[in-house]
Amino acid sequence: MEPLGRNHASACPRCCDLPRDPENPAAYAYLLGLYLGDGCISSARRGVYFLRIACADAWPGLIDACADAVQIIRPGNKVFRVQRQGCQYVTCHSKHWPCFFPQHGPGKKHERKIALEAWQQKIVDDYPWEFVRGLIHSDGCRITNWTTRRVNGELRRYEYPRYFFTNLSADIMGLFTTALDLVGVEWRMANSRNLSVARRASVALMDAHVGPKY
Ligand SMILES: [Zn+2]
């Protein structure tokens, strides 16, 4: 237990005597998706951790969305952007990242068990689209395949938008498919690490709630 600091807003709702849920569960569900996709927590110095989420330069809007979500979850801590080749790391130091993401542990995520705690599962169940969006924004994409067909002698182009999601962790894949089932999106596994959403109604649902990267 840590005593409440002067800045009440930066106190940790998980290990201080504050309401048990993070202050903004929708932002949390999104950030959880980003963390499970492209995030890691490391020890900076004794008792202080930093969260680092890798965001591709190609999607500046997603870098902003990531930084905003981190700031909402830790309003009293500064959010940094560190430029690397082809990507920016959105980072933020806090003692409390392991409180927010108890999945933190040694080794790669796909080499260890990843299970949500009950309070996290409740947030994901309450905000499944935020969670799905976070996972697509980190490890997914929307792609338009196209083909041509001859109709009445005329060559026409037909487009087939699809969503793909790639993750090496069967546990994270399971969390993703559970959330997709909850929101009524049909999916199929192309193989053990690649999922696709291709049915028209499901792609339309994903377009309404997630959309292309930006
Ligand atoms: Zn804490």
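Residues numbered from 1 in each chain as written. Predicted model: local features only at pLDDT ≥ 70, side-chain atom pairs only at ≥ 80, totals over all residues. Heavy atoms only, no water.

**Remarks on the layout of surface pockets**
Link 1 in the chain: One number sums up the size of the largest pocket: a volume of about 190 Å³.
Link 2 in the chain: In this structure, the largest pocket is lined by Glu159, Tyr160, Pro161, Arg162, Ala198, Arg200, Val203, Ala204 and Asp207.
Link 3 in the chain: Within the residue set of the lining of the largest pocket, elements represented by two or more residues are strand S6 (154-166) and helix H7 (200-209).
Link 4 in the chain: Across the lining of the largest pocket, the residue classes break down as five nonpolar, no polar and four charged. (1 Å grid on protein atoms, 1.4 Å probe; cavity = no way out; pocket = protein on both sides within 12 Å on 5 of 7 lines; lining within 4 Å. Points joined across faces, edges and corners; volume = space filled by probe spheres on them. Helix = DSSP H or I, 4+ residues; strand = E, 2+ residues; numbered from the N terminus. Nonpolar A, V, L, I, M, F, W, Y, C, P; charged D, E, K, R; others polar.)

**Comments concerning the domain arrangement of the protein chain**
Link 1 in the chain: Assigned domains within the protein chain: domain 1 (8-113) and domain 2 (138-209).
Link 2 in the chain: Distance from the C-alpha centre of domain 1 to the C-alpha centre of domain 2: 27 Å.
Link 3 in the chain: Contacts between the two partners involve nine residues from domain 1, matched on the other side by eight residues from domain 2.
Link 4 in the chain: Interface of domain 1 and domain 2: buried area, both sides summed, is about 630 Å²; carbon and sulfur atoms make up 59% of it.
Link 5 in the chain: By the criterion of area lost to domain 2, the three top residues of domain 1 are Leu36, Asp38 and His110, representing 59% of everything that side buries.
Link 6 in the chain: For the interface between domain 1 and domain 2, the tally reads zero salt bridges.
Link 7 in the chain: The tally of links between domain 1 and domain 2 comes to one residue pair in polar contact (both at pLDDT 80 or more).
Link 8 in the chain: For the side of domain 1 that touches domain 2, the residue count by class is two nonpolar, three polar and four charged. (Domains from an automatic or database assignment. Contact = heavy atoms within 4.5 Å. Buried area = accessible area lost by both parts, 1.4 Å probe. Salt bridge = Lys/Arg side-chain N within 4 Å of Asp/Glu carboxyl O. Polar contact = N/O pair within 3.5 Å; in protein donor to acceptor, adjacent residues only side chain to side chain.)

**Digging into the sheet that holds strand S5 (residues 140-151)**
Link 1 in the chain: In space, the four strands of this open sheet follow the order S5-S6-S8-S7, with antiparallel pairing throughout. The sheet is open, and its two edges are formed by S5 and strand S7 (188-191), each paired on a single side. Taken pair by pair, the neighbouring strands of this sheet meet at an average axis angle of 35°, ignoring direction.
Link 2 in the chain: Pairing of S7 with strand S8 (residues 194-197), which is carried by three bridges, proceeds in the antiparallel orientation. What sits directly across from Asn191, in S8, is Asn194.
Link 3 in the chain: Across the sheet, helix H5 (residues 128-139) touches S5 and S6, and the angle it forms with S6 is around 105°.
Link 4 in the chain: Sheet contacts for helix H6 (residues 170-183): S6, S7 and S8; angle to S8, the most-contacted strand, approximately 15°. (Pairing = 2+ DSSP bridges. Axes fitted to C-alpha atoms, helices over the stretch in contact; angles between N-to-C directions.)

**Some details on helix H4 (residues 118-126)**
Link 1 in the chain: Those residues of H4 lying buried are Trp119, Gln120, Ile123 and Val124. Along the axis of H4, the buried residues cluster in a sector spanning 140°; they form a single face.
Link 2 in the chain: As for H4, its buried residues are in contact with helix H1 (25-38), helix H3 (97-100) and H5. (Buried < 20%, exposed > 50% of the residue type's maximum accessible area, 1.4 Å probe, protein only. Arc of directions from axis to C-beta.)

**Topic: helix H2 (residues 60-73)**
Link 1 in the chain: Taking 1.5 Å per residue as the helical rise, H2 with its 14 residues ought to reach 20 Å, and the 20 Å between its terminal C-alpha atoms agrees with that figure.
Link 2 in the chain: Taken together, the buried positions of H2 are Gly61, Leu62, Ile63, Ala65, Cys66, Ala67, Ala69, Val70 and Ile73.
Link 3 in the chain: Where H2 is buried, its residues touch H1, strand S2 (48-56), strand S3 (79-84), strand S4 (87-94), H3 and H5. (Expected span 1.5 Å × (residues − 1).)

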